[in-house]
Amino acid sequence: MRMVKILGLLGTGVIGGGWAARALHFGIDVIAADVKPEMEEWIRGAVANAEPALARLTFAPLPPKGKLSFTTDLRVMAERADFIQENIPEQLPLKQRMLAEVSRYAAADVIIASSTSGLTPTELQRDMISPGRFCVAHPFNPVYLLPLVELVGGQKTVQGTLAAAAKFFTYIGMHPLHVRREVPGHLTDRLQEALWREILHLVNDGVATTGELDESIIYGPGLRWAAMGTNLIYHLAGGESGMRHMLAQFGPCLKWPWTKLEAPELSDTLIDRMVEGTQAQAAGRSIRELERLRDDYLVAIQQVLRQYNIGAGATLRSLEERLYLDAATAHAARANHSDTPQRLPLRLLDTAVRPEWVDYNRHMSDFRYGQVFGEAIDALFRRVGVDEAYRGTGRMYYTVENHIMHVGEAKVGESLYVTAQVLEVDDKRLHVFQRLHRGRDDRQIATAEQMYLHADTALAKATPADAEVRAKLESIRGEHARLPLPPEAGRSVGRTRNTQTGS
Ligand SMILES: NC(=O)c1ccc[n+]([C@@H]2O[C@H](COP(=O)([O-])OP(=O)(O)OC[C@H]3O[C@@H](n4cnc5c(N)ncnc54)[C@H](O)[C@@H]3O)[C@@H](O)[C@H]2O)c1
């Protein structure tokens, strides 16, 4: 498969908009095609709405954002795209016709994937040219925040298509799940629909309201599901002998008529109950308002899971590792290119003040400054080779001194960036001076002076850093020796401020 620089989208509704936001965020250009010209405004709005949540997903350095263009001419899109994702309505004859048409204009090495929720790839690829490059790539709403994408090949899909598609989806921060055999509804929708059918029955039979049924999930199983699925959770529920005991104990109930499986008739009464129930749950909040709430907690959950390196948090962690690595490689390439002037001091981190970072003054809380400087120093470490693999050998830098000076303020949503100047390096110590700037006016709002000590956790003592790491740090220090010593460096707490802080 070719390298994906431009993602082509066919159909720019809810799902097309989600794909666009995700791809653009991770540096892929998007050319979106829809039959309705008014969808251009819609998709631009959808991308803008996704941005606040996406921007808070990770601190890792991102490539420059991709560019979005729109066309009503499917051919223009198909001829330019390196990878095409179809997101038109869930109607088999329409999808078959449009996929066949797209396949006539797209080069044979361009993968064409469908977002279909339940149609099978063999049916969809039937009339395509080069159907071997087709697969189902089923995402979940909101596509820009949920990492899961189910990949399913059809009878004509050639070996390599799914692996190549998986590579692209991983690049844009997703978790590709290879569905071994095509079945209607793939895996997830089959499970979700089973639950939904039971919900419809329970509402229809007057057993519970939509709100009560949602409570039955969100205060219990829903919390478990974010990190461990039903099977692993049931394994735990079976005590020491796990799943075997669980099946022996509860297996017989599976034969009892707890669940109904066949969906009930969608009568007017049932539809009214479902609609009125969910309207009561929304309690006057608009769809947009609820979407923002959903997006905020989806970001927060993934960040928590990241600490445990589990589920979607593990996906986020490995995405970040790659982003840091890419940034370090790009930096090294720039440094080796003699025509590119070095930027002094090093710009380590670009971020924005998140809503949860502010205190009662609506300014960033003091301990968040430490967090931002900590993230920035991590970026420096990665640049010189102190990454996950290095730390895996038990060696890392420990903070031994830290002095933060606050000289300005930042409000919610304001962009920030951190620069660093390496002051001293020896075999064990690293002395760094960082500045935190506000993006809108470049004003310096804080400084941090820090001393780090290289240590071996197994030996529990300070040890010399790896020679290559030290050499890289020395090279940066050599460059930074051309910079004046920061006037705030070496300043002790409580001295009168007599330094120029607006740089
Ligand atoms: N909505 C979800 O939660 C969800 C989740 C996963 C997958 N999907 C799947 O994604 C696909 C799209 O769903 P959606 O919810 O985004 O639908 P949608 O109705 O929001 O968007 C469909 C878009 O396709 C456009 N369109 C229709 N015919 C077209 C054509 N011939 N050429 C170009 N554009 C055309 C429409 O103008 C519309 O903008 C479906 O296959 C659906 O099953 C939906």
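Data block above holds the structure.
Quick caveat: nothing in here was measured; it's all calculated off a predicted structure.

This brings us to the overall build of the chain. When you go through the chain residue by residue, the secondary structure sums to 17 helices and 14 strands. For the chain, the residues scored as buried account for 45% of the 503 residues in total. Taking the contacts inside the chain whose residues are at least 6 apart along the sequence as the reference set, 72% of them involve residues at least 24 apart. Only carbon and sulfur atoms are counted for the fraction: they give 55% of the accessible area of the chain, which is about 26,300 Å².

A few words on the site of the ligand. Taken together, 22 residues surround the ligand, and among them Ile15, Asp34, Glu90, Lys95 and Ser117 come closest. One nitrogen or oxygen atom from the main chain of Ile15 is found 2.9 Å from an oxygen atom belonging to the ligand. One of the side-chain N or O atoms of Asp34 is found 2.6 Å from an oxygen atom in the ligand. Protein contacts shield 77% of the accessible area of the ligand, which totals 840 Å² for the unbound molecule. If you list the elements that add at least two residues to the shell around the ligand, you get helix 1 (14–25) and helix 4 (92–105). Considering only residue class, the shell around the ligand consists of nine nonpolar, nine polar and four charged.

Here we take up the packing of helix 7 (residues 188–204) against helix 12 (residues 268–282). Put simply, helix 7 and helix 12 touch, their axes get as near as 10 Å, and they point 105° apart. Compared by their axis directions, helix 7 and helix 12 come out roughly perpendicular. Taken together, the residues of helix 12 that come into contact with helix 7 (itself represented by Trp196, Ile199, Leu200, Val203 and Asn204) are Leu270, Arg273 and Met274. Of the residues that constitute the contact of helix 7 with helix 12, the class distribution is six nonpolar, one polar and one charged.

So, about the environment of Ile111. Looking at the element boundaries, Ile111 is found in strand 5 (residues 111–114). Spatially, the C-alpha atom of Ile111 lies 9.3 Å from that of Leu162, the residues being 51 residues apart in sequence. Non-local contacts of Ile111, meaning those with residues more than four positions away in its chain, are made with Met1, Asp82, Phe83, Ile84, Arg133, Thr161, Ala164 and Ala165.

Here we take up the sheet that holds strand 3 (residues 68–71). Strand order in the open sheet formed by eight strands is 3-2-1-4-5-6-7-8, with mixed pairing between adjacent strands. Lying at the two open borders of the sheet, with one neighbouring strand each, are strand 3 and strand 8 (175–178). Within this sheet the neighbouring strands show an average axis-to-axis angle of 25°, counted without direction. The sheet contact formed by strand 7 (residues 148–152) and strand 8 spans four bridges and is parallel. Note that in strand 8 the partner of Glu150 across the bridge is Leu177. Where helix 2 (residues 39–55) meets the sheet, its contacts fall on strand 1 (6–10), strand 2 (29–33) and strand 3, and the angle it forms with strand 3 comes to roughly 155°.

Let us look at the pairing of strand 12 (residues 429–438). In terms of residue burial, strand 12 counts as a mostly covered element, since nine of its 10 residues are buried. Across nine bridges, strand 11 (residues 415–425) lies against strand 12 in antiparallel orientation. Bridging from a neighbouring strand, Tyr417 pairs with His437 of strand 12. In textbook terms, the turn of a hairpin is the stretch between consecutive antiparallel strands, and for strand 11 and strand 12 this stretch comprises three residues. The pairing of strand 12 with strand 13 (residues 444–456) spans nine bridges and is antiparallel.

With respect to the helices, strands and loops of the structure, Glu86 is situated in strand 4 (residues 83–86). We classify Glu86 as buried; its relative accessible area is 1%. A polar contact is formed between the side chain of Glu86 and the backbone nitrogen of Ile88, at a distance of 2.8 Å. Only 2.5 Å separates the side chain of Glu86 from the side chain of Ser114, close enough to count as a polar contact.

Along the chain, the position of Gly413 falls in the loop between strand 10 (395–406) and strand 11. Residues Gly413 and Leu483, 70 residues apart in the sequence, show an inter-C-alpha distance of 31 Å. Not counting chain neighbours up to four residues away, the residues in contact with Gly413 comprise Ala352 and Val353.

Following the criterion strictly, the structure yields 25 salt bridges and no others. With a shortest N-O distance of 3.1 Å, Arg294 and Asp295 are connected by a salt bridge. Here Arg294 matches Asp295 in class, with each residue buried. Several salt bridges converge on common partners, so that one network encompasses Glu414, Arg438, Arg440 and Asp441.

A few words on unusual backbone geometry. A cis amide bond, omega 0°, links Asn141 with the succeeding residue Pro142. Locating Pro142 in the fold gives a position in the loop between strand 6 (134–138) and strand 7. The phi dihedral of His186 falls on the positive side, at around 50°, and the residue is not glycine. In this structure, His186 sits in the loop between strand 8 and helix 7. Although it is not a glycine, Arg362 sits at a positive phi angle of roughly 65°. Residue position: Arg362 is located in the loop between strand 9 (346–352) and helix 15 (366–383). A residue is classified by how much of its surface remains accessible, and Arg362, at 53% relative accessible area, is exposed.

Criteria and thresholds
- Residues numbered from 1 in each chain as written.
- Predicted model: local features only at pLDDT ≥ 70, side-chain atom pairs only at ≥ 80, totals over all residues.
- Heavy atoms only, no water.
- Helix = DSSP H or I, 4+ residues; strand = E, 2+ residues; numbered from the N terminus.
- Buried < 20%, exposed > 50% of the residue type's maximum accessible area, 1.4 Å probe, protein only.
- Contact = heavy atoms within 4.5 Å.
- Areas by Shrake-Rupley, 256 points an atom, 1.4 Å probe, with all protein chains shown as cover.
- Near = heavy atom within 4 Å.
- Polar contact = N/O pair within 3.5 Å; in protein donor to acceptor, adjacent residues only side chain to side chain.
- Nonpolar A, V, L, I, M, F, W, Y, C, P; charged D, E, K, R; others polar.
- Axes fitted to C-alpha atoms, helices over the stretch in contact; angles between N-to-C directions.
- Parallel < 35°, antiparallel > 145°, perpendicular 65-115°, else oblique.
- Pairing = 2+ DSSP bridges.
- Salt bridge = Lys/Arg side-chain N within 4 Å of Asp/Glu carboxyl O.

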